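So the chains spell out like this:
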Amino acid sequence: MNFKDKRVLITGSSRGIGQAAAIAFAARGAKVVVHYHRNQAAGQQTFDSLKGQEHLLLQADISDAKAVKSLFQSIQTQLGGIDIVVNNAGIFDPHPIDEVSYEHWQQSWSQTLATNLIGAANVCYCATELMIPNGGGRIINVSSRGAFRGEPEFPAYGASKAGMNAMSQSLAKKLGKHNIGVYAIAPGFVATDMAQPTLDGPDGNSIKKQSPLGRVAKPEEVAHAILFYASEAALFMTGGILDVNGASYLRS
Ligand code: NAP
């Protein structure tokens, strides 16, 4: 896959899956916008590790609509547009309904939806504003197996990812006429900071055994799926949701 001179924004690329995607796109010739929220040092480290030149390092809180707008204004000013956007930034905080306070419950739902779903929707809006006059583009949304399987300890997370899948499919229908493909990737557990506390906990081994491969995904394996959907060959797969879960959960 060749992404020479394609301008690619990956939200949340300071760490984990986003970082692996940034490295993979840059290795194939893309100009990558590395984006972070609080962890500037990790953002800088990812940025410094990229092959090639003309990459950008930008900060924004995706749950803040104005910050998302400013992020895209910076991209427009510095790169003149964007060809591929990966909505990857996300949070995963536990809030079991029978254990947390009502206040905790409300805060978890608000923050999770504001980041994982509404933030991603705002990124789609601002990306589309730049892509339509540019003749098209690709939007890849990093969803989760949890959208299908249920997330008993993280219900707002499961709902945010189910919403993301529905949003991807609605926008795929709406934006095809503008040559914009919209896709979702649905990983199972991936070995990143987000999953590490769970994988290190008492359920870690049984989680690995959910897959017949006996392990969880590496961030690079999810990055590979992102690159596949972003490639020219995958345009007609618009509206698709790609499982990357090692057969740990098979949906019909
Ligand atoms: P991670 O290692 O925890 O990294 C999260 C990234 O999102 C970081 O770059 C972080 O920035 C950024 N971020 C968090 N809140 C943000 C906000 N409000 N505004 C802007 N950026 C924000 O996560 P990951 O495991 O790579 O997950 C990436 C995506 O894959 C997420 O959407 C997640 O839901 C999805 N996913 C993960 C798994 C898994 O098991 N890991 C499974 C299925 C789906 P800072 O570094 O600045 O904090």
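Residues numbered from 1 in each chain as written. Predicted model: local features only at pLDDT ≥ 70, side-chain atom pairs only at ≥ 80, totals over all residues. Heavy atoms only, no water.

(A) Examining the sheet that holds strand β3 (residues 56-59) more closely. Taken together, the seven strands give an open sheet; going across it, the order is β3-β2-β1-β4-β5-β6-β7, and neighbouring strands pair in parallel fashion. Where the open sheet ends on each side, the last strands, each with one partner, are β3 and β7 (241-244). Between one strand and the next, the sheet's axes are offset by a mean angle of 20°, whatever the strand orientation. Where strand β4 (residues 84-87) meets strand β5 (residues 137-142), four bridges bridge the pair, whose relative direction is parallel. Of the residues in β5, the one forming a bridge with Val85 is Ile139. Strands β4, β5, β6 (180-187) and β7 of the sheet are contacted by helix α6 (residues 155-175), whose axis makes an angle of about 160° with β6. (Pairing = 2+ DSSP bridges. Helix = DSSP H or I, 4+ residues; strand = E, 2+ residues; numbered from the N terminus. Axes fitted to C-alpha atoms, helices over the stretch in contact; angles between N-to-C directions. Contact = heavy atoms within 4.5 Å.)

(B) Geometry of the site of the ligand. Of all residues adjacent to the ligand, which total 32 residues, the nearest are Ser14, His37, Asn88, Tyr157 and Thr192. At 2.8 Å from an oxygen atom of the ligand is found a main-chain nitrogen or oxygen belonging to Arg38. Burial of the ligand by the surrounding chains reaches 94%, relative to a free accessible area of 910 Å². Looking at the shell around the ligand, the elements that each hand over two or more residues are α1 (16-27), β2 (31-36) and α6. Taken together, the residues of the shell around the ligand break down into 13 nonpolar, 14 polar and five charged. (Near = heavy atom within 4 Å. Polar contact = N/O pair within 3.5 Å; in protein donor to acceptor, adjacent residues only side chain to side chain. Areas by Shrake-Rupley, 256 points an atom, 1.4 Å probe, with all protein chains shown as cover. Nonpolar A, V, L, I, M, F, W, Y, C, P; charged D, E, K, R; others polar.)

(C) Expanded view of unusual backbone geometry. Although it is not a glycine, Asp5 adopts a positive phi angle of roughly 65°. Positioned with a positive phi, Asn179 is a non-glycine residue whose angle comes to about 65°. Assignment of secondary structure puts Asn179 in the loop between α6 and β6.

(D) Quick look at the environment of Leu113. With respect to the helices, strands and loops of the structure, Leu113 is situated in helix α4 (residues 102-134). Taking the C-alpha atoms as reference points, Leu113 and Lys174, 61 residues apart in sequence, are found 22 Å from one another. Among all residues touching Leu113, those that are not within four sequence positions of it are Ile118, Gly119, Ala156 and Ser160.

(E) Region of interest: the nonpolar core. In terms of nonpolar packing, the biggest core is built from 31 residues, with Phe25, Val32 and Ile226 touching the most fellow members. Mapped by element, the contributors of at least two residues to this core are β1 (7-10), α1, β2, β4, β5, β6 and α9 (219-230). Beyond its immediate stretch of four places on either side in the chain, Ile226 contacts Ile17, Ala21, Phe25, Val86, Ile140, Val142 and Ile185. (Core = buried A, V, L, I, M, F, W, Y, C linked by side-chain atoms within 4.5 Å. Buried < 20%, exposed > 50% of the residue type's maximum accessible area, 1.4 Å probe, protein only.)

(F) Highlighting the environment of Met167. Within the secondary structure, Met167 sits in helix α6. We classify Met167 as buried; its relative accessible area is 13%. Met167 sits 17 residues away from Ala184 along the chain, and the two C-alpha atoms are 9.4 Å apart. In this view, Met167 contacts Ala120, Ala121, Cys124 and Asn141; residues no more than four positions away in its chain are not counted.

(G) Region of the structure containing the packing of aromatic side chains. The tally for this structure, following the rule as stated, stands at six aromatic pairs. Measuring from centroid to centroid gives 4.6 Å for Phe92 and Tyr157, while their planes differ by 70°, and the two rings are edge-to-face. Of this pair, Phe92 sits in the loop between β4 and α4 while Tyr157 sits in helix α6, and the two are 65 residues apart along the sequence. Per residue, the accessibility class of Phe92 equals that of Tyr157, and both read buried. Through pairs of rings, three or more aromatic residues link up here, namely Phe92, Phe154 and Tyr157. A cation over an aromatic ring shows up here: Arg251 above the ring of Phe148, its NZ or CZ 4.3 Å from the ring centre. (Phe/Tyr/Trp six-rings, centres within 6.5 Å; stacked < 30°, edge-to-face > 60°. Lys NZ or Arg CZ within 6 Å of the ring centre and 35° of its normal.)

(H) Seen up close, the side chain of Arg7. With respect to the helices and strands, Arg7 occurs in strand β1. A polar side-chain atom of Arg7 sits 3.1 Å from the main-chain carbonyl oxygen of Leu79. Among all residues touching Arg7, those that are not within four sequence positions of it are Lys31, Leu79, Gly80, Gly81, Ile82, Asp83, Ile84 and Asn134.

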